[in-house]
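Here are the chains, one letter per residue:
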Amino acid sequence: MNTPPSDATWSPARRDWFRRSVDLLGGGREAARQLGISEASMRKLLSDGPNARGIRDGIIADMRQLLRDHAAACTAQADALISEA
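Our subject in this report is the structure included herewith. Here the structure is a predicted model, which means the values were calculated and not measured.

### Things to note about the overall build of the protein chain
Thinking step 1. A count of helical and extended segments in the protein chain gives four helices and zero strands.
Thinking step 2. Ordered by position from N to C terminus, the α and β elements of the protein chain give α-α-α-α.
Thinking step 3. Looking at the protein chain residue by residue over its 85 residues, the buried ones come to 25%.
Thinking step 4. Considering only intrachain contacts with a sequence separation of at least 6, the fraction spanning at least 24 residues in the protein chain is 66%.
Thinking step 5. Of the roughly 6000 Å² of accessible surface on the protein chain, a fraction of 52% belongs to carbon and sulfur atoms.

### Looking at the side chain of Thr9
Thinking step 1. By secondary structure assignment, the location of Thr9 is in the segment before helix 1 (12–24).
Thinking step 2. In this view, Thr9 contacts Arg14, Arg15, Gly54, Ile55 and Arg56; residues no more than four positions away in its chain are not counted.

### Describing the nonpolar core
Thinking step 1. The biggest cluster of nonpolar side chains holds 13 residues, and the ones touching the most others in it are Phe18, Val22, Ala31, Leu35, Met42, Ile55 and Met63.
Thinking step 2. Only helix 1, helix 2 (28–35), helix 3 (39–46) and helix 4 (57–80) provide two or more residues apiece to this core.
Thinking step 3. Among the elements that make up this core, the one with the highest residue count is helix 4 (four residues).
Thinking step 4. Setting aside residues no more than four positions away along its own chain, Met42 makes contact with Phe18, Val22, Gly28, Ala31, Ala32, Leu35 and Ile37.

### Observations concerning the packing of aromatic side chains
Thinking step 1. Within the structure shown, the criterion is met by zero aromatic pairs.
Thinking step 2. One residue, Arg64, lies across the ring of Trp17, its end atom 5.9 Å from the ring centre.

### Digging into helix 4
Thinking step 1. Along its 24 residues, helix 4 runs 35 Å from first to last C-alpha, staying within 8% of the 34 Å computed at 1.5 Å per residue.
Thinking step 2. Every buried residue of helix 4 is accounted for by Ile59, Ile60, Met63 and Leu66.
Thinking step 3. On its buried side, helix 4 packs onto helix 1, helix 2 and helix 3.

Rules and cut-offs
- Residues numbered from 1 in each chain as written.
- Predicted model: local features only at pLDDT ≥ 70, side-chain atom pairs only at ≥ 80, totals over all residues.
- Heavy atoms only, no water.
- Helix = DSSP H or I, 4+ residues; strand = E, 2+ residues; numbered from the N terminus.
- Buried < 20%, exposed > 50% of the residue type's maximum accessible area, 1.4 Å probe, protein only.
- Contact = heavy atoms within 4.5 Å.
- Areas by Shrake-Rupley, 256 points an atom, 1.4 Å probe, with all protein chains shown as cover.
- Core = buried A, V, L, I, M, F, W, Y, C linked by side-chain atoms within 4.5 Å.
- Phe/Tyr/Trp six-rings, centres within 6.5 Å; stacked < 30°, edge-to-face > 60°.
- Lys NZ or Arg CZ within 6 Å of the ring centre and 35° of its normal.
- Expected span 1.5 Å × (residues − 1).

Pasting the structure below:
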């Protein structure tokens, strides 16, 4: 079995952060669609198994932007709600 490189792209903390981010965006399929990658690539980014991929800085930067955009959309939707009071 191949041993992953020791660089930061293989950090367990990075993978955990990425997994939580994917969940916030609606799961692997939706996150893959928004990132413009295949679902197979997403599975490799989320995996700890032998087919896992390191999570590069570019993917992290793209995911940060997606989370910011998602947060802004959620805030706009919350602000648009009609008060029942």
